[in-house]
Amino acid sequence: DTGVSQDPRHKITKRGQNVTFRCDPISEHNRLYWYRQTLGQGPEFLTYFQNEAQLEKSRLLSNRFSAERPKGSFSTLEIQRTEQGDSAMYLCASSLSPGGSYNEQFFGPGTRLTVL
Amino acid sequence: GIQVEQSPPDLILQEGANSTLRCNFSDSVNNLQWFHQNPWGQLINLFYIPSGTKQNGRLSATTVATERYSLLYISSSQTTDSGVYFCAVGNAGNMLTFGGGTRLMVKP
C-alpha cells in the first residue's frame, strides 16, 4: 500500500514564472487536500476535492492559484506569475470520505518551492 | 474559524525524560490528529483521536472533547523523537486547522 506521493520534491523558479505540482493520493481515498507551510509555522489549508469536485477554497488561494482533479484521482496545483512570497512547502493529503476514523488525513512528503 | 493553541512552543529534554504536550482548541470538533514532522518536512501520523485515550509504544494521547483539549505524552524520550509536533483539528472530513507546533529537542 503506497502512501501519498508528490512531484517534484523541490522546485526553484524565478519570479514571474508559472509552476505546477502534482499529487497522487492513496488509491482508495476520495478526498484530496492541499496545504501550504511557511518556515516556522503550521500548515495552512488551501483547498480540497471530493472526487473531481472542488468543495472549498481558502482565502489564501489567490487568483494566481488554480487546482484541478480532473478524473478524481491525481491533482495538480498551478501557481501563475510566481512571487517571492509563494516560497513555501506545498503539502498534499488524502482521506476517505467522512465517516468515523475515515476522516484521518495522510500527508505526502511535500514540494518545497523557492522563488528567486 | 477554529483556533488551535499548542504549548509549550519549545521543549528541550534529556534522553530518557518524559514530557506532556498540550493542544487547546476553541470549538467542538470531530477530527483531531497529532503529527510528528521530521527534519525533511514529512508529517507522520501519530494519533487520530477526536476523543478518548490511545497508546502506541512510548507515546499516548488523550482528548477531552467536552473541555476542548488534547494531551500527547512521550515517555522515555529518545533523540529520534526530536522534531516538531503538531496538533490539528477539523470537522466532518473537511480541512484541518493546525496549531503552531511544539519544537522538541532531545539531547543524548
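Please refer to the structure placed before this passage.
Values in this document were obtained by computation on a predicted structure and should not be read as measured data. (Residues numbered from 1 in each chain as written. Chains lettered and ligands numbered in written order. Predicted model: local features only at pLDDT ≥ 70, side-chain atom pairs only at ≥ 80, totals over all residues. Heavy atoms only, no water.)

What to know about the overall build of chain A
Tallying secondary structure elements over chain A gives zero helices and eleven strands in all. Reading the helices (α) and strands (β) of chain A from amino to carboxyl end gives β-β-β-β-β-β-β-β-β-β-β. Its C-alpha atoms give chain A a radius of gyration of 14 Å, within 12% of the compact-globule value 13 Å for 116 residues. Dimensions of chain A, computed from the C-alpha atoms along their principal axes, are close to 40 × 25 × 20 Å. Residue burial in chain A is summarised as follows: out of 116 residues, 47% are buried. In chain A, once contacts between residues fewer than 6 apart in sequence are set aside, the share between residues at least 24 apart is 54%. (Helix = DSSP H or I, 4+ residues; strand = E, 2+ residues; numbered from the N terminus. Rg over C-alpha atoms; globule rule 2.2 N^0.38 Å. Buried < 20%, exposed > 50% of the residue type's maximum accessible area, 1.4 Å probe, protein only. Contact = heavy atoms within 4.5 Å.)

Overview of the pairing of strand S2 (residues 10–14) of chain B
Put simply, side chains in a regular strand alternate between the two faces of the sheet. Residues and elements named next belong to chain B. Every second residue of S2 is oriented toward a common face, the buried set being Leu11 and Leu13 and the non-buried set Asp10, Ile12 and Gln14. Summarising the sheet, S2 and strand S11 (residues 102–107) pair through five bridges and their orientation is parallel. Bridging across to S11, Leu13 finds its partner in Val106. (Pairing = 2+ DSSP bridges.)

A look at the layout of surface pockets
Size it by volume and the largest pocket reaches roughly 600 Å³. Taken together, 21 residues make up the lining of the largest pocket; nearest its centre are Phe45(A), Gly1(B), Ile2(B), Met95(B) and Thr97(B). Mapped onto the lining of the largest pocket, the elements with two or more residues apiece are strand S5 (44–50) of chain A together with strand S9 (83–90) and strand S10 (96–98) of chain B. With three residues, S10(B) is the single largest residue contributor to the lining of the largest pocket. Taken as a whole, the second largest pocket spans an internal volume of roughly 340 Å³. What lines the second largest pocket is a set of 19 residues, among which Gln37(A), Leu39(A), Gly40(A), Arg112(A) and Gln37(B) lie closest to the centre. Within the residue set of the lining of the second largest pocket, elements represented by two or more residues are strand S9 (88–95) and strand S11 (111–115) of chain A together with S9 of chain B. (1 Å grid on protein atoms, 1.4 Å probe; cavity = no way out; pocket = protein on both sides within 12 Å on 5 of 7 lines; lining within 4 Å. Points joined across faces, edges and corners; volume = space filled by probe spheres on them.)

Side note on the environment of Gln50(A)
Residue and element names in this part refer to chain A. The residue Gln50 is located in strand S5 in this model. Note on Gln50: relative accessible area 21%, which makes it partly exposed. Sequence-wise, Gln50 and Arg112 are 62 residues apart; in three dimensions their C-alpha atoms are separated by 25 Å. For Gln50, the side chain forms a polar contact with the side chain of Arg31, separated by 2.6 Å. (Polar contact = N/O pair within 3.5 Å; in protein donor to acceptor, adjacent residues only side chain to side chain.)

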